[in-house]
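Spelled out from the first residue to the last, the chains are:
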Amino acid sequence: MFVSVPVESTVTVGTVVKWSSTNSRWESATSTSGEMIGIVKSDPNSENKARVQFSGVSWAICSRDIANEGGFLSVENGKVYVGTLNEYGVISPNSSEADSRTANSLVMVNLK
């Protein structure tokens, strides 16, 4: 499920976003402790609106290599990595027949 919302023009599919009350739009998430996040599902249109998913299974860009076992989802610079806190959800384990997941590739995540 997704919602069409205003976003910054530079986001791309798989970018993790959070709300900016200063700019009244969803922007690339940096450190997001305690804030709601979403994952961009479509590139912004001419009105800088994009489909963003706020829960469930989606694909996000990773900022670091992701181990095959996956782990707890953390966010930096609009991308996901394996962290130590179960705040937002999980990065799914890798399929046994899939290639290794390197930085800047899309990985399957499950947002809470």
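No experiment lies behind these values; they were computed from the predicted model shown. (Residues numbered from 1 in each chain as written. Predicted model: local features only at pLDDT ≥ 70, side-chain atom pairs only at ≥ 80, totals over all residues. Heavy atoms only, no water.)

Visitor: Explain the overall build of the protein chain to me, and be specific about the residues and the numbers.
Guide: What the protein chain contains, in helices and strands, is 0 helices and 10 strands. Order of helices (α) and strands (β) in the protein chain, N terminus to C terminus: β-β-β-β-β-β-β-β-β-β. Taking 112 residues into account, the globule formula puts the C-alpha radius of gyration at 13 Å, and the protein chain, at 13 Å, falls close to it. Seen through its principal axes, the protein chain has C-alpha atoms that stretch 40 × 25 × 25 Å. By sequence separation, contacts in the protein chain at least 24 residues apart represent 51% of the contacts at least 6 residues apart. Total accessible area on the protein chain is roughly 6100 Å²; 50% of this is exposed by carbon and sulfur atoms. (Helix = DSSP H or I, 4+ residues; strand = E, 2+ residues; numbered from the N terminus. Rg over C-alpha atoms; globule rule 2.2 N^0.38 Å. Contact = heavy atoms within 4.5 Å. Areas by Shrake-Rupley, 256 points an atom, 1.4 Å probe, with all protein chains shown as cover.)

Visitor: Before we move on, can you summarise the sheet that holds strand S9 (residues 89-91) with the specific residues and values?
Guide: Strand pairing in a sheet relies on backbone hydrogen bonds. The paired strands run either parallel or antiparallel. If you walk across this open sheet you meet the 5 strands as S6-S10-S9-S7-S8, and the pairing is antiparallel. In this open sheet, the two strands that pair with only one neighbour each are strand S6 (56-61) and strand S8 (79-83). Each adjacent strand pair in this sheet contributes to an overall mean axis angle of 45°, direction not counted. The sheet contact formed by strand S7 (residues 71-76) and S8 spans 5 bridges and is antiparallel. Bridging from a neighbouring strand, glutamate 76 pairs with lysine 79 of S8. (Pairing = 2+ DSSP bridges. Axes fitted to C-alpha atoms, helices over the stretch in contact; angles between N-to-C directions.)

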